[in-house]
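Architecture and fold: a report
Below, each chain spelled out in residue letters.
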Amino acid sequence: MTTTSRTGTARASAAPHANERLPWPGLLALAAAGFITVLTEALPAGLLPQIGAGLGVSAALAGQLVTVYAAGSLIAAIPLATATRGWRRRPLLLLAIGGFAIANTVTALSPSYTITLVARFLAGVSAGLLWALLAGHAGRMVPDRMKGRAIAVAMAGIPLALARGVPAGTTLGAISGWRAGFGVMTVLSLILIPWVLWQVPDFPGEAPGRRLPARRIIALPGLAAVLAATLATVLAHNILYTYIAPFLAPAGLGHRVDQVLLVFGLAAVAGIWLTGLAVDRHLRRLVRLAILGFALATALLGIAGPLGQPGLIWAGVILWGLAFGGTPTLFQTASARAAGAAADIAQSMIVTAWNLAIAGGGIAGGILIGQPGPMALPWVALVLLIAAGLATTDRFGMRASQVD
């Protein structure tokens, strides 16, 4: 077939979609699922003293409720996505949401620390499955030319949960008790189930003859680069984000951590909105721009911290939020493009890399704040971001159909 005929065919196939709009109700249901997932993950961090007192353990042991959640996602994402790749997609999505309803109900009612740990692990497993499904499902709801914008809407629940959901949940927990926060998340999950049934379309799983083994999927051109860039970027983020309080203290902002994180979250919401406007046309450029913006933010923070300049720190946090807010959309879109029909398995690999980075950020940041100290955090993050930028090769974000 000639180039001209291929172009004509592409135009003809695109013509019926010329006036199509995003399926907002369905995509917002997926965003709500992401919101519940992030809120379930992060809520214990703001309620550790209350949870520890309620379960009769130390705050340090209560903190392991976050760790075991991440472990559940890390362990389950790839095996679950692989084992269920032939299942129809909407029932699988509902299964993940139901897992949150069960896990949060058990957490709210649990009489013991051990039972709570098991419930949190189940919640992490549900998260690993849901994140493996979310971007691929959003992408299948629209034509190819709109996939990036659809994924951006589905990912909007992440910064919204961090900016508004977690502070609100923490406040509710402080007023009504920590169990009330998990009870509210159960109610949200139960509301979401009929919403998904009503507005989110169902899709078939992969046909048996089209299922590539995981080792061949990761070898697809461009996918390994996406995973490497994801790991380095999210590791840089978590080194800073997890230990932002000790970094802010020398500049006199230690008592304003909640405000700093709120500003970061709002900037991240703006970042994901800006990303959604252009991700379908300029994916690779946006990835590089996001990494560059994040790198500039870390350099600004690295300079401002020792000088004790609050104004520069605020500017760095805003730039950080703008740059990082769109990265879930960018990396999920890039992996979906690279993997083609195997997008859900590729997303599970992104989930695994993301959770490795969360764990690695906690460990590495904990070591760094001891020696050489918190002022080193931005500079280590900058080195990681340089590595992430180097991973954005020419095949980064290339469609699987474009590769011979």
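Residues numbered from 1 in each chain as written. Predicted model: local features only at pLDDT ≥ 70, side-chain atom pairs only at ≥ 80, totals over all residues. Heavy atoms only, no water.

Brief notes about the pattern of salt bridges
Any two side chains of opposite charge can pair if their charged atoms end up close together. All chains considered together, the criterion is met by five salt bridges. For E206, the salt bridge identified is with R85, shortest N-O distance 3.3 Å. Note that E206 is positioned in the loop between α9 (178-199) and α10 (214-218) and R85 in the loop between α4 (59-83) and α5 (89-109), a separation of 121 residues in sequence. Taken as a pair, E206 and R85 share a single burial class, namely buried. (Salt bridge = Lys/Arg side-chain N within 4 Å of Asp/Glu carboxyl O. Helix = DSSP H or I, 4+ residues; strand = E, 2+ residues; numbered from the N terminus. Buried < 20%, exposed > 50% of the residue type's maximum accessible area, 1.4 Å probe, protein only.)

So, the packing of aromatic side chains
Each aromatic ring pair is described using two quantities: the centre-to-centre distance and the angle formed by the ring planes. Considering all chains together, one arrives at seven aromatic pairs under this definition. Relative to F182, the ring of W178 has its centre 6.0 Å away and its plane inclined at 80 degrees; by these criteria the two rings are edge-to-face. With W178 and F182 both in helix α9 and four residues apart, this pair spans about one turn of that helix. On the basis of relative accessible area, W178 is assigned to the buried category, the value being 6%. Looking at F182, the relative accessible area reads 1%, which means it is buried. Look at F294 and F324: their rings are 5.9 Å apart centre to centre, the planes differ by 70 degrees, and that puts the pair in the edge-to-face class. Of this pair, F294 sits in helix α14 (residues 283-307) while F324 sits in helix α15 (residues 310-325); the two residues are 30 residues apart in sequence, bridging distant segments of the chain. Classification of F324 by relative accessible area gives buried; the value is 8%. Grouped by ring-pair contacts, the aromatic residues Y241, F264, F294, W320, F324 and W354 constitute a single cluster. (Phe/Tyr/Trp six-rings, centres within 6.5 Å; stacked < 30°, edge-to-face > 60°.)

A word on unusual backbone geometry
Omega for the bond connecting Q371 with P372 falls within 30 degrees of zero, at 20 degrees, which places this linkage in the cis form. Structurally, P372 is set in the loop between α17 (343-370) and α18 (377-391).

Quick word on the side chain of S348
Mapped onto the elements of the fold, S348 is located in helix α17. By relative accessible area, which is 0% here, S348 ends up buried. Those residues in contact with S348 that sit more than four places away from it in its chain are A77, I78, A81 and A132. (Contact = heavy atoms within 4.5 Å.)

Some words on the nonpolar core
The biggest cluster of nonpolar side chains holds 60 residues, and the ones touching the most others in it are L248, F294, I313 and W320. Counting only elements with at least two residues in this core, the list comes to α11 (223-242), α12 (244-248), α13 (257-278), α14, α15, α16 (327-339), α17 and α18. In this structure, F294 is in contact with T233, A236, H237, L240, W320, A323, F324 and L385, ignoring residues within four places of it in sequence. If you look at the next biggest cluster of nonpolar residues, it comprises 43 residues, including I97, L130, I158 and F203. (Core = buried A, V, L, I, M, F, W, Y, C linked by side-chain atoms within 4.5 Å.)

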